[in-house]
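Below are the chains, spelled out letter by letter.
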Amino acid sequence: MKAIVINEFGGPEVLHQRDVETPAVGPRDVLIRLVAAGVNRFDITTRRGEIPYAAVSFPHILGVEGAGTVAEVGSEVTAFQIGDRVVPVLTISRGVCRHNPCYCQLGWDNICRDFDKLGLTSWGTYAEYVKASEHNVVHLPDALSFADAATAMVATATAWELTISRTGLRQGETALVNAVGGAVGSAAVQIARLTGARVIASAGSDNKLELARQLGADEVINYERQNLTVEVLNLTDGRGVDVVVETVGGRVLQQSIEALAHNGRLATAGSVGPSTVEIDIFRLLRKQAWITGTHFAPKATIRTALDLLADGRLRPVLARSFPLVAASEAQALLESREFFGNILLEIDP
Ligand SMILES: [Zn+2]
């Protein structure tokens with residue numbers, strides 16, 4: 001099969017299209033013929049060799065997001081048939097594990113201590129085919145295109161975890177969504193709108209803020225030019241925000257913590273800037289505020305995300321699409337942060 005292969009860690013230049021053996025399926029495996037793959041920030045971290053907890057063996061294929069049809073099933077697979085429209089799930093669990101408590105059985109398969117990740121410990125989706133075990137494949141709703149599923153599923157699920165599962169945003173509350181130009185941010189603005197909350201969006205460029213308004217943001221803040229804490233307090237009569245969806249880190253994270261209202265909740269899915277900040281614990285406890293996070297999303301939320309996208313309640317924003325062979329260019333665009341929404345790799349039949 002054709003695939004984008006890396007044989008070393010490094011910049012976008014280490015990605016090369018090669019012919020490799022199509023993975024052989026075991027009894028419980030499903031082989032998916034991919035139509036589309038998403039370009040995720042996690043791919044970049046893996047490519048740079050910055051994942052501290054996992055070893056990558058070369059040659060390796062990146063890619064945590066993709067969509068396609070079932071091309072082959074193992075002898076014991078019952079839930080899938082050849083031709084089914086499916087997506088692989090990036091957090092790979094067995095559905096039950098040896099740890100006590102078993103987080104998989106509690107519905108938190110995304111924090112299973114036994115798990116692997118697609119595109120990290122196994123070959124990912126920058127290829128014509130990807131293999132996944134039956135337990136880590138989900139059917140795709142008919143109304144959802146391969147491209148939208150491949151690019152928006154993970155970001156939408158993560159945004160749902162941040163906005164709903166972890167922080168419980170409700171009608172009548174106010175949310176601050178940082179980095180609204182990113183895939184998670186653009187989904188979180190729309191999810192926050194669905195709850196009936198008031199939405200303040202932030203980004204580092206006015207272009208992105210204009211697009212955020214089109215997605216439904218009520219107010220916008222440019223965190224390169226303005227102090228987030230000051231602007232949030234101005235916009236909320238000094239009260240602060242009930243929920244923050246955070247993916248930037250550094251100064252933006254620090255100012256967001258200070259912008260929390262009493263009983264405010266901040267949830268993070270990572271950082272592009274520094275991941276450590278100083279916290280004045282007295283200021284936090286006086287407000288009874290929470291700081292939490294999510295590690296991707298459990299499979300149940302992946303299904304929720306697919307349904308939200310399929311029935312049109314969420315509109316995925318496609319920034320740009322590239323042919324598979326141009327994967328390095330697609331990753332360079334993601335690293336530049338000069339885009340709004342999701343980046344797609346189209347895989348030719
Ligand atoms: Zn487990």
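In case you missed it, the structure is sitting above this.
1. Describing the overall build of the protein
Secondary structure summary: the protein contains 9 helices and 18 strands in total. Computed over the C-alpha atoms, the radius of gyration of the protein is 20 Å, within 12% of the 20 Å expected from 2.2 N^0.38 for a compact globule of 349 residues. Along the first, second and third principal axes, the C-alpha atoms of the protein reach 60 × 45 × 40 Å. Looking at the protein as a whole, 54% of its 349 residues qualify as buried. Positive and negative side-chain charges in the protein, numbering 32 and 39 respectively, have mean positions lying 5 Å apart.

2. With respect to the pairing of strand S5 (residues 65-73)
Here strand S3 (residues 29-38) pairs with S5 via 8 bridges, running antiparallel. Each residue of the ladder has a partner; that of leucine 31, found in S5, is glutamate 72. Sheet topology note: the S5/strand S6 (residues 85-88) ladder contains 2 bridges and is antiparallel. Paired with threonine 69 across the bridge in S6 is arginine 85.

3. Some thoughts on the sheet that holds strand S16 (residues 290-293)
Taken together, the 6 strands give an open sheet; going across it, the order is S13-S12-S11-S14-S15-S16, and neighbouring strands pair in parallel fashion. In this open sheet, the two edge strands, each paired with only one partner strand, are strand S13 (219-222) and S16. Each strand of the sheet is rotated relative to its neighbour by a mean of 20°, with strand direction disregarded. Direction of pairing for strand S15 (residues 260-268) relative to S16: parallel, over a ladder of 4 bridges. Within S16, the residue paired with threonine 268 across the bridge is glycine 293. Its contacts with the sheet put helix H4 (residues 206-215) on strand S12 (198-203) and S13, and the angle it makes with S13 is roughly 165°. Helix H6 (residues 250-258) contacts strand S11 (174-177), strand S14 (241-246), S15 and S16 of the sheet and is inclined by roughly 150° relative to S15.

4. So, the pairing of S11
Neither face of S11 is exposed, since Thr174 and Leu176 on one face and Ala175 and Val177 on the opposite face are all buried. Both S11 and S12 contribute to a ladder of 4 bridges, which runs parallel. Across the sheet, residue valine 177 finds its bridge partner in S12, namely alanine 201. In the classification by handedness, the crossover that spans S11, the intervening helix H3 (residues 183-195) and the parallel S12 is right-handed. Pairing of S11 with S14 involves 3 bridges; the strand directions are parallel. Note that in S14 the partner of alanine 175 across the bridge is valine 243.

Thresholds applied
Residues numbered from 1 in each chain as written. Predicted model: local features only at pLDDT ≥ 70, side-chain atom pairs only at ≥ 80, totals over all residues. Heavy atoms only, no water. Helix = DSSP H or I, 4+ residues; strand = E, 2+ residues; numbered from the N terminus. Rg over C-alpha atoms; globule rule 2.2 N^0.38 Å. Buried < 20%, exposed > 50% of the residue type's maximum accessible area, 1.4 Å probe, protein only. Lys, Arg positive; Asp, Glu negative; His and termini not counted. Charge placed at Lys NZ, Arg CZ, Asp CG, Glu CD. Pairing = 2+ DSSP bridges. Axes fitted to C-alpha atoms, helices over the stretch in contact; angles between N-to-C directions. Contact = heavy atoms within 4.5 Å. Right-handed = clockwise from strand over helix to strand, strands pointing away.

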